[in-house]
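Residue strings, one per chain:
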Amino acid sequence: MDGTIAPIEAICDVASKYQALTLVDEVHAVGLYGPQGAGVCERDDVMHRADLVTGTLAKAYGVYGGYLAGNHMICDTVRSLSGNFIFTTSLPPSIVAAARESVQRLRGEEGRTLRALHQDRVARLKRKLEDASLPVMPSASHITPLMIGDAKMCKSISDHLLEHEGIYVQPINYPTVPKGSERFR
């Protein structure tokens with residue numbers, strides 16, 4: 001919830017030392033980081049070290065669905081034993097086509113341009129929040145937490161922004177974050 005980025009290379013070093021598997025959750029990173037938009041693992045040149053990677057086709061890709069990528073035997077085991085997979089329906093062909101097009105666009109030059117623009121806008125937003133002396137939490141990612149610290153105030157501000165400014169900002173409240181650390185992101 002704070003926009004932190006795990007030290008993936010160091011975690012992979014520990015996993016290698018103890019013969020453990022690694023699972024990297026790239027849900028908030030795919031489409032936004034790396035030369036082809038594959039995420040933080042690609043950006044940090046450690047994709048080859050992650051055993052499993054999860055991601056979403058929502059957020060940057062603009063459709064829905066998710067994925068687990070990695071060794072086919074492990075993925076087949078998860079698919080066979082996980083109720084979340086067993087009781088789901090395959091994505092409709094139109095969603096698969098839209099996801100494929102989104103991935104292809106974000107892998108190319110258009111995606112590199114959009115990622116650079118996105119990072120520039122994130123930096124500008126963080127600067128404006130800090131210049132306004134708002135309690136923005138520092139983060140290494142595009143996620144920009146703005147600390148409110150009170151659930152009722154967080155909801156009230158969110159409602160005000162939507163009703164009077166046409167801006168929707170999701171309040172993040174307990175139990176997602178501890179009481180007293182309510183925020184926007």
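Read on for an overview of the structure. Please read these numbers as outputs of a predicted model, since none were measured by experiment. (Residues numbered from 1 in each chain as written. Predicted model: local features only at pLDDT ≥ 70, side-chain atom pairs only at ≥ 80, totals over all residues. Heavy atoms only, no water.)

1. Some words on the overall build of the protein chain
Then step 1. Within the protein chain one finds 7 helices and 6 strands.
Then step 2. The helix and strand sequence of the protein chain, counted from the amino end, reads α-β-α-β-β-α-α-α-α-β-α-β-β.
Then step 3. Taking the principal axes of its C-alpha atoms as reference, the protein chain extends roughly 50 × 45 × 35 Å.
Then step 4. For the protein chain, buried positions account for 31% of its 185 residues.
Then step 5. Look at the contacts in the protein chain between residues 6 or more apart in sequence, and 52% of them connect residues 24 or more apart.
Then step 6. Total accessible area on the protein chain stands at roughly 11900 Å², and carbon and sulfur atoms take up 57% of it.
Then step 7. Charge separation in the protein chain, taken as the distance between the mean sites of 20 positive and 21 negative side-chain charges, equals 2 Å. (Helix = DSSP H or I, 4+ residues; strand = E, 2+ residues; numbered from the N terminus. Buried < 20%, exposed > 50% of the residue type's maximum accessible area, 1.4 Å probe, protein only. Contact = heavy atoms within 4.5 Å. Areas by Shrake-Rupley, 256 points an atom, 1.4 Å probe, with all protein chains shown as cover. Lys, Arg positive; Asp, Glu negative; His and termini not counted. Charge placed at Lys NZ, Arg CZ, Asp CG, Glu CD.)

2. As for the packing of helix α5 (residues 93-107) against helix α6 (residues 109-131)
Then step 1. Two numbers describe how α5 lies on α6: the axes approach to 4 Å, and their chain directions differ by 75°. Taken together, the axis directions place α5 and α6 in an arrangement best described as roughly perpendicular. Along its contact with α5, which presents R105, L106 and R107, the element α6 presents E110, G111, R112, L114 and R115.
Then step 2. A class-by-class count of the residues in the contact of α5 with α6 yields 2 nonpolar, 1 polar and 5 charged. (Axes fitted to C-alpha atoms, helices over the stretch in contact; angles between N-to-C directions. Parallel < 35°, antiparallel > 145°, perpendicular 65-115°, else oblique. Nonpolar A, V, L, I, M, F, W, Y, C, P; charged D, E, K, R; others polar.)

That is the geometry; function is a separate question.
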